Amino acid sequence: MIEAERIAKSYGSRVALAATSIRFESGTTTALIGPSGCGKSTLLRILVGLVTPDDGRVLYDGAPLTEATSQSLRRRIGFVLQDGGLFPHLSARRNVTLLADVLGQPAARSAARLEEVADLVRIPRARLDAAPGDLSGGERQRVSIARALFMDPPWMLLDEPLGALDPITRRGLQDELRQLFGRLKKTVVVVTHDLGEAAFLGSRVVLMQDGRIVQAGAPRELVEHPATPFVTEFLAAQRTPSELEELSAR
Amino acid sequence: MIRRSLAIALAAASALVSAAAPSSAATLTVGSKRFTESYILGEIVRTVAERAGEAVCVHRQGLGNTGIVFQALSAGSIDVYPEYTGTIARELLGEPSATDLDALNRLLAPRGLAVGIPLGFNDTYAIAMRSETAREKGIHSLSELRAHPEIRFGLSQEFVERQDGWPALVSTYQLAAAPPRALDHGLAYEALARGEVDATDVYSTDAKIERYRLTVLDDDRAAFPRYDAVLLYRKDLPERLPRTFAALERLAGRISERDMTRMNADAEIRGAPFASIASAFLDGGGAPRATSFTERLFAPDLPRLTVEHLFLVFASVALGTIVGVPLGLWAAYRAAAAPRILAVVGVLQTIPSLALLAFLIPIFHRIGTIPALTALFLYSLLPIVRGTHTGIREIAPSLRESALALGLPWSARLRLVDLPLASRSIVAGIRTSAVISVGTATIAAFIGAGGYGERIASGLALNDGSLLLAGAIPSAALALVVEWALGAVERLIVPKPLRSGFDVRVS
């Protein structure tokens, strides 16, 4: 379980995140969604400790994320960025095994684990020796997800993981991610600006606006019982009425 | 990979240091000032001392003006150098009345120095006439000038104005000559050659006396102060190297004004190397052979100069890397410190090199390699610090976030992510530093640190363009070689995917 307790962050006079509390139950997938600048990426970065909140705290299974604990906690968090964040000077294989190598995990164990995650994210073995610059966008995201999964972390945080992909690749990876999250029973928080993707991946959707959480719940709750007119407006801007019907049926 | 390359670099640097550093055997270091006569006398002293077989002899050629060479002697950086009695009395001691060696030695003793071994000639102001005119009119000495008021003088500005110049001449010899024409010294010789003037002031051993076939008039009433060539040395030299000193003592009275004039002409007019002038004189052989440009370029000192030059460049850039990369990292990671660090290394770069050297000599109380290396090291910092700072700052934020979010420890982030990603920019900085250093290292010769600059300094001092080129060409060639070699190092250090055209800013 990941808990955020009254976390707040301002950049100068701009409030990126007003005092916000939210809880992510173990084994569930939550999608953070909202328009650009709503604070969803800031929230995710605070969760992984890349941004220090002005106030409040983050707890992983009750243990607070602090400067002293961040490094060991991060090793149990799988983090995926929009552009993959793969190190361009290392092969895909080395990108995936880097942390294990640094921590001195035996090579045989790493090799076996690499086989497993390569199967999970369906990346051809031959592509593992390529540099990230030589991979396609979809392959890069698969490698990035493999890297996040490598240490078998209980928590996965993904920031627009499919945001930079073409629609066809994106649709395929959405299916795979959904299956993966369902199978691995990890606590997943995924940031996206796409309502369809949020509803498809997440059992719960958290809609944010101007640094606040406007509504959190199952996708159909947002359609059927919008908390504010903004919820309706945001849903309508992204979906046709028939698509919304389909969403509420889910 | 970087760590291994650094280790190789350090090993090579220390090998170079031990190769270039003098051994612990007895050493005699000879100094000289930056003009032809001093270079030649320095070579004669070195050759004689070397043949005594007691000590390793080094000639630090053309260290600089009187002040610098005297400072080097006082500090013990050199053991002996050729000087003139008048200069010691007037410039170094400020006692123009001290004229004989005993008086000078009494004043020098408290400083741990001594003077002796008068070489046999007096290099002072003199009046010279065209030889034909002197013969026609039967003039041999200055006192005979009085009977010839028709003699037209073309004198240098300095000579006309100095108290020990023209005014001394007029009052000592009661001359009634027309007020002299002050000319540029170079023009005075030409005017003399064309017969527009009859007499001019010269130094009594000037090479041009031979070139323009002049007759030097005897200063029979001692109007001009004496500048007898002597050796100025550290007082402990006779005890420290007795056989060497005894050999040097045998030089006393051996070099006449005519000998010296001829040797100056051998160097300045016939372009003979100082070492061969010295050995030709000592061995009583004929005139030393003039040398072609190729011979000067590939003269026997080329390997030594190359080693010295490479050592200066290599050691300063190695030091610059060891200090500059951490400084650049500090600036990159601590944004608050960056402006100050970059400003300081930037200002260092703007200090003119000769000024920096002049500033460093009193700090280290010595000339030579240490202050030169320090100056080159300070100059090497800017490109390396900047390259490192830029290299780290330009890493895409998403890559730095990735490394952090992965939970990599600080040292692993630096070693496996930041340094490799910044390596292209860091190596580019080191390359720039090294190429600049090859050029700047030529300045080091002006304070006796050796290298190709020795030829450039001599060439400048002697107004000898071909000697200057014989130093500048190897220096330029070395810059190309260093650039090429570091290109190879770059291929070794920079990870393959980052090498060409890859931009770390868009991962």
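Residues numbered from 1 in each chain as written. Chains lettered and ligands numbered in written order. Predicted model: local features only at pLDDT ≥ 70, side-chain atom pairs only at ≥ 80, totals over all residues.

1. A closer look at the interface of chain A and chain B
Moving on, step 1. With 18 residues of chain A in contact, the opposing surface of chain B contributes 21 residues.
Moving on, step 2. Elements represented by at least two residues in the side of chain A that touches chain B include exactly helix H2 (67–74) and helix H3 (92–102) of chain A.
Moving on, step 3. Ranked by the residues each element gives to the side of chain A that touches chain B, the list is headed by H3 of chain A, at 3 residues.
Moving on, step 4. Among the residues making up the side of chain A that touches chain B, the classes are represented as 11 nonpolar, 4 polar and 3 charged. (Contact = placed C-beta atoms within 7 Å. Helix = DSSP H or I, 4+ residues; strand = E, 2+ residues; numbered from the N terminus. Nonpolar A, V, L, I, M, F, W, Y, C, P; charged D, E, K, R; others polar.)

2. Comments concerning the confidence of the model for chain A
Moving on, step 1. Here chain A averages 89 in pLDDT, while 95% of its residues score no lower than 70.
Moving on, step 2. H3 of chain A holds the highest mean pLDDT among the elements of chain A, 94, whereas helix H10 (residues 241–249) of chain A holds the lowest, 65. (pLDDT = per-residue confidence, 0-100.)

3. Notes on the sheet that holds strand E5 (residues 125–130) of chain B
Residue and element names in this part refer to chain B.
Moving on, step 1. Here we have 3 strands laid out as an open sheet, ordered E8-E5-E9, and antiparallel in their pairing. Unpaired on one side and paired on the other, strand E8 (199–203) and strand E9 (214–216) mark the two borders of the sheet. Averaged over all adjacent pairs, the angle separating strand axes in this sheet is 40°, with direction ignored.
Moving on, step 2. With 5 bridges connecting them, E5 and E8 associate as antiparallel partners. (Pairing = 2+ DSSP bridges. Axes fitted to C-alpha atoms, helices over the stretch in contact; angles between N-to-C directions.)

4. A look at the sheet that holds strand E5 (residues 63–64) of chain A
Sheet strands pair via backbone hydrogen bonds, and the direction of the pair is either parallel or antiparallel.
All names here are of chain A.
Moving on, step 1. Within the open sheet, the 4 strands sit side by side as E2-E1-E4-E5. Their pairing is antiparallel. Because the sheet does not close on itself, it has two edges, and the strands there are strand E2 (14–24) and E5.
Moving on, step 2. For strand E1 (residues 2–11) and E2, the ladder comprises 7 bridges, and the chain directions are antiparallel. In the sheet register, Ala4 faces E2, and the bridge partner there is Ile22.
Moving on, step 3. Against the sheet, helix H1 (residues 40–48) contacts E1, E2 and strand E4 (55–60), and its axis sits at roughly 120° relative to E1.

5. Considering the domain arrangement of chain B
Moving on, step 1. Partitioning chain B into structural domains gives domain 1 (25–121 + 227–290), domain 2 (125–216) and domain 3 (302–498).
Moving on, step 2. A C-alpha centroid distance of 53 Å is found between domain 2 of chain B and domain 3 of chain B. (Domains from an automatic or database assignment.)

6. Side note on the confidence of the model for chain B
Residues and elements named next belong to chain B.
Moving on, step 1. Across chain B, the average pLDDT comes to 86, with 92% of residues at 70 or higher.
Moving on, step 2. Taken together, the stretch residues 5–24 has pLDDT below 50 and engages in 19 contacts with residues farther than four places along the chain or on a different chain.
Moving on, step 3. Low pLDDT, under 50, characterises residues 502–507; the stretch is placed with 19 contacts to residues that sit more than four places away or in other chains.
Moving on, step 4. Here the complex is predicted with pTM 0.71, and the ipTM for its interfaces comes to 0.88.

7. Brief notes about the domain arrangement of chain A
Residues and elements named next belong to chain A.
Moving on, step 1. Here the domain parsing of chain A yields domain 1 (1–76 + 153–219) and domain 2 (84–152).
Moving on, step 2. For domain 1 and domain 2, the distance between their C-alpha centroids amounts to 23 Å.
Moving on, step 3. With 11 residues of domain 1 at the contact, the number on the domain 2 side is 9 residues.
Moving on, step 4. Counting residues per element, the side of domain 1 that touches domain 2 draws most heavily on helix H6 (residues 167–184), which supplies 4 residues.
Moving on, step 5. Partitioned by chemical class, the residues of the side of domain 1 that touches domain 2 number 8 nonpolar, 1 polar and 2 charged.

8. Let's talk about unusual backbone geometry
Among all residues except glycine, the phi angle is most often negative; among peptide bonds, the trans geometry is most common.
Moving on, step 1. Residue Arg122 of chain A is not a glycine yet carries a positive backbone phi of 55°.
Moving on, step 2. Here Arg122 of chain A falls in the exposed class, since 12 other C-beta atoms lie within 10 Å of it.
Moving on, step 3. Of note, Ile117 of chain B is a non-glycine position whose phi angle comes to about 55°, a positive value.
Moving on, step 4. Within the secondary structure layout, Ile117 of chain B lies in the loop between strand E4 (113–116) and E5.
Moving on, step 5. Judged by the 23 C-beta atoms lying within 10 Å of it, Ile117 of chain B is buried. (Buried ≥ 20, exposed ≤ 12 C-beta atoms within 10 Å, placed from the backbone.)

9. Some points on the packing of helix H22 (residues 453–461) of chain B against helix H23 (residues 465–493) of chain B
All names here are of chain B.
Moving on, step 1. One can describe the packing of H22 onto H23 by two numbers: an axis separation of 7 Å at closest approach and a directional angle of 160°. Here H22 lies roughly antiparallel to H23, going by the angle between them. Remark: the crossing between H22 and H23 carries left-handed chirality. Side by side, H22 and H23 meet where Gly453, Glu454, Arg455, Ile456, Ser458, Gly459 and Leu460 of the first sit next to Gly465, Leu467, Leu468, Ala470, Gly471 and Ala472 of the second.
Moving on, step 2. Split by residue class, the contact of H22 with H23 holds 6 nonpolar, 5 polar and 2 charged. (Parallel < 35°, antiparallel > 145°, perpendicular 65-115°, else oblique. Left-handed = near helix turned anticlockwise from the far one by under 90°.)

10. Here's the deal with the nonpolar core
Moving on, step 1. Ranked by internal contacts, the top residues of the largest apolar core, which has 174 residues, are Leu47, Ala146 and Leu157 of chain A together with Leu232 of chain B.
Moving on, step 2. Here the element with the most residues in this core is helix H16 (residues 302–333) of chain B; it accounts for 13 residues.
Moving on, step 3. Those residues within four positions of Leu47 of chain A in sequence are excluded, and the remaining contacts are Ile2, Ala4, Val58, Leu157 and Val189 of chain A.
Moving on, step 4. Counting 27 residues, the second-largest nonpolar core is a separate cluster that includes Ile139, Ala188, Ala199 and Leu214 of chain B. (Core = buried A, V, L, I, M, F, W, Y, C linked by C-beta atoms within 7 Å.)

11. Examining the pairing of strand E2 (residues 56–64) of chain B
All names here are of chain B.
Moving on, step 1. Of all 9 residues in E2, 7 are buried, a share of seventy percent or more.
Moving on, step 2. Note: strand E1 (residues 27–33) against E2, 6 bridges, orientation parallel. Directly across from Leu28, in E2, lies its bridge partner Cys57.
Moving on, step 3. Taken together, E1, helix H2 (residues 36–51) and E2 form a β-α-β motif whose crossover is right-handed. (Right-handed = clockwise from strand over helix to strand, strands pointing away.)

12. Digging into the pairing of strand E6 (residues 77–80) of chain A
Residues and elements named next belong to chain A.
Moving on, step 1. Burial along E6 is two-sided: the face carrying Ile77 and Phe79 and the face carrying Gly78 and Val80 are both buried.
Moving on, step 2. Note: E6 against strand E7 (residues 155–159), 4 bridges, orientation parallel. Within E7, the position partnered with Gly78 by the bridge is Met156.

13. Describing the environment of Leu108 of chain B
Residues and elements named next belong to chain B.
Moving on, step 1. Mapped onto the elements, Leu108 comes out in helix H5 (residues 101–108).
Moving on, step 2. Given 20 C-beta atoms within a 10 Å radius, Leu108 is considered buried.
Moving on, step 3. Leu108 sits 127 residues away from Lys235 along the chain, and the two C-alpha atoms are 9.0 Å apart.

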